[in-house]
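Notes for the structure review
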Amino acid sequence: MFSRGRTRYSGGDMSRNDLDEVSDAALVMRISRYQQDALAEAYRRHAGAVFGLGRRLLSDPALAEEIVQEVFLRLWNQPEKFDPVRGSLRAYLLAQCHGRSVDRLRAESSRRQREERDLRRTAEAGYDLEHEVWDLEVASIVKDAMVKLPSEERAAIELAYFGGKTYREVAVALEQPEGTVKSRIRSGMRRMRTELAKSGVGIAGEQS
Amino acid sequence: MIQLTHEQIDELLGAYCLDAVDADERDAIEAHLPDCPRCRAEVAELREVAALLANNNTEAPEGLWDRIADSIDDTPPPMRLDVGRRRRREWAPIVLSAAAIVAILLLGWQVLDLHRENDRIQKEVAAANANSAAVNQANAALLEPNSQVVRLTGTSDQRALAVLTDSGTGYLVAVNLPTLDGGIYELWGADSAGALTALGSMEQPGVAKFDASRDVAKLLITVEPSFVEQPTTAPIMQGSVV
């Protein structure tokens, strides 16, 4: 598999010995020794993806920039919060970005109106096939896996992840019971994991 | 805090990894995680899935890094000497002062080395920018209905990917090859009889466009001192065109 496959996305796998992986972890080691060039390198590798996710969630580039800044400053100030055993640096930074973006979304006063509008739009839009991914092979695999999901699962994941909604809010938007949405998100995510692992994007997926 | 059983928490983990649970549920999950390796592993994996969903080739806005670097320079960090925080014992003071000396030496070394480093980073950034335009094109090529993907593999763990389009343009995506200290990577096409034609070259790992107008059965990469008409070294990786 190509470039960032098994190496960087090998989630819970403890036996990581790939150079690619070591280099991200080694980067964080250097960051913990205040080597700014290491932070610059981490930024070069991941800032685009972090910014892209923030902008997609917040629809506001200035806010998204703020988030990127916070995420990388936190990496600089508290590098020990990143635990390479728990997953990749990219997943960690993106999770930081997602959490912060969602906090902003939920804090905003105009939330209700925007919800009405955006939920409908996202719910109808389906998976954005044009959404470009920088790693070509992984991109095509993720795209295929997403398209293969049952549409209810896909819609629930989209609304939650890219819409920044809680599963209860997703339930309201889709007019489905909360419990159903909760399970669909879980089963959809697990299905993605299995599908991606099958395609060689190694997210150590030994659990069923 | 609300109390949830392992089963209830398990049920919530998908939503949790997407930040799609309520605050009290989140607190309950986070209280549970330290004691439950199974849930922790699940969270780690689902977060990787989420990261893959978020993958995008957006570029961070220009100037943003400068602002981050500035704010780091403005507020010098506290001395971070307790890195081995779990191992602090009665002999800690000795370790700390040794670490302090190392830190000071490192700082001095860094200042001396700063210019060289800056130079290197700038070159890398320029290369990355040049690459990202090619990545966009390669990505578009991949999405073309008739484009063809060739996977190149070598003896080591390295991988490369070539996208061949109907219109005769090819893109070589070889980003995790070793950086070359002099010399070039040269791409070859082999016909069914094994005759080689040079298709293109690149000085460092990255993404390169090449001429894919002729029929080839195989793609190969060699390391050459400079662009040559026939390879002078054995291929480091190759892949068959299906």
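Relevant structure appears above.
Residues numbered from 1 in each chain as written. Chains lettered and ligands numbered in written order. Predicted model: local features only at pLDDT ≥ 70, side-chain atom pairs only at ≥ 80, totals over all residues. Heavy atoms only, no water.

**Side note on the overall build of chain A**
Selection rule: In this text, helices come from DSSP runs of H or I with a minimum length of four residues, and strands from runs of E with a minimum of two, each type numbered from the N-terminal end. Only protein chains enter the area calculation, which uses a 1.4 Å probe; residues under 20% of their type maximum are buried, those over 50% are exposed, and those in between are partly exposed. Throughout, a contact is declared for two residues whenever any of their heavy atoms are within 4.5 Å. Surface exposure here means Shrake-Rupley accessible area, sampled with a 1.4 Å probe, where a residue is shielded only by the protein chains that are shown.
A tally of regular secondary structure across chain A gives 9 helices and 0 strands. Starting at the N terminus and ending at the C terminus, chain A contains elements arranged as α-α-α-α-α-α-α-α-α. In chain A, which comprises 208 residues, the share counted as buried stands at 57%. Taking the intrachain contacts of chain A between residues at least 6 apart in sequence as the baseline, contacts between residues at least 24 apart amount to 63%. Only carbon and sulfur atoms are counted for the fraction: they give 48% of the accessible area of chain A, which is about 8,700 Å².

**Describing the packing of helix H2 (residues 36-58) of chain A against helix H4 (residues 89-107) of chain A**
Each pair of packed helices gets described by two things: the angle between the helix axes and the distance between those axes. Residues and elements named next belong to chain A. Heads up, the rule is: Comment: axis = line fitted to C-alpha atoms, over the contacting stretch for helices; angle = value between 0 and 180 degrees taken between N-to-C directions. Here the angle decides the label: under 35 degrees means roughly parallel, over 145 means roughly antiparallel, 65 to 115 means roughly perpendicular, and every other value means oblique. Two helices cross in a left-handed way if the nearer one is turned anticlockwise from the farther one by less than a right angle. They cross in a right-handed way if the turn is clockwise. Asp, Glu, Lys and Arg are counted as charged, while Ala, Val, Leu, Ile, Met, Phe, Trp, Tyr, Cys and Pro are counted as nonpolar; the rest, among them Gly, fall into the polar class.
Taken N-terminus to C-terminus, the directions of H2 and H4 make an angle of 30°; their axes are 9 Å apart at the nearest point. With respect to their mutual orientation, H2 and H4 come out roughly parallel. As H2 runs across H4, the sense of the crossing is right-handed. Contact with H2, carried on its side by Ala42, Arg45, His46, Ala49, Val50, Leu53, Gly54, Leu57 and Leu58, involves Leu89, Arg90, Leu93, Leu94, Cys97, His98, Ser101, Arg104 and Leu105 of H4 and no other residues of that element. Considered class by class, the residues forming the contact of H2 with H4 number 11 nonpolar, 4 polar and 3 charged.

**Let's talk about the nonpolar core**
Keep this limit in mind: Definition used in this section: a nonpolar core is a set of buried Ala, Val, Leu, Ile, Met, Phe, Trp, Tyr and Cys residues joined via side-chain atoms within 4.5 Å.
Leu39, Phe72, Leu75, Ile185 and Met192 of chain A together with Leu18 of chain B are the most contacted members of the largest nonpolar core, which has 81 residues in total. For this core, the element with the most residues is H2 of chain A, which contributes 12 residues. Leu164, Leu177, Leu180 and Val241 of chain B belong to the second-largest nonpolar core, a separate cluster that totals 21 residues.

**Some words on unusual backbone geometry**
Positive phi outside glycine occurs at Tyr34 of chain A, with the angle close to 60°. Exposure remark for Tyr34 of chain A: the relative accessible area of 16% places this residue in the buried category.

**Things to note about the packing of helix H9 (residues 178-198) of chain A against helix H3 (residues 37-54) of chain B**
It is at 10 Å that the axes of H9 of chain A and H3 of chain B come closest, and there the two elements cross at 80°. By the criterion of interaxial angle, the relationship of H9 of chain A to H3 of chain B is roughly perpendicular. Here H9 of chain A contributes Met189, Arg190, Met192, Arg193 and Leu196 of chain A to the contact with H3 of chain B, which in turn contributes Glu42, Glu45, Leu46, Val49, Ala50, Leu52 and Leu53 of chain B. The class makeup of the residues in the contact of H9 of chain A with H3 of chain B is 8 nonpolar, no polar and 4 charged.

**Digging into the sheet that holds strand S7 (residues 218-224) of chain B**
All names here are of chain B. To keep things clear, this is the line we draw: Between any two strands, at least two bridges found by DSSP are needed for them to pair.
Within the open sheet, the 8 strands sit side by side as S5-S4-S7-S8-S1-S2-S3-S6. Their pairing is antiparallel. For this open sheet the edge positions go to strand S5 (196-202) and strand S6 (206-211), each flanked by a neighbour on one side alone. The average undirected angle you get between the axes of adjacent strands in this sheet is 25°. Of the pairings in the sheet, the one linking strand S2 (residues 159-164) to strand S3 (residues 169-174) comprises 4 bridges and is antiparallel in character. Following the sheet pairing, Leu161 is matched in S3 by Val173.

Nothing here speaks to function; it is geometry throughout.
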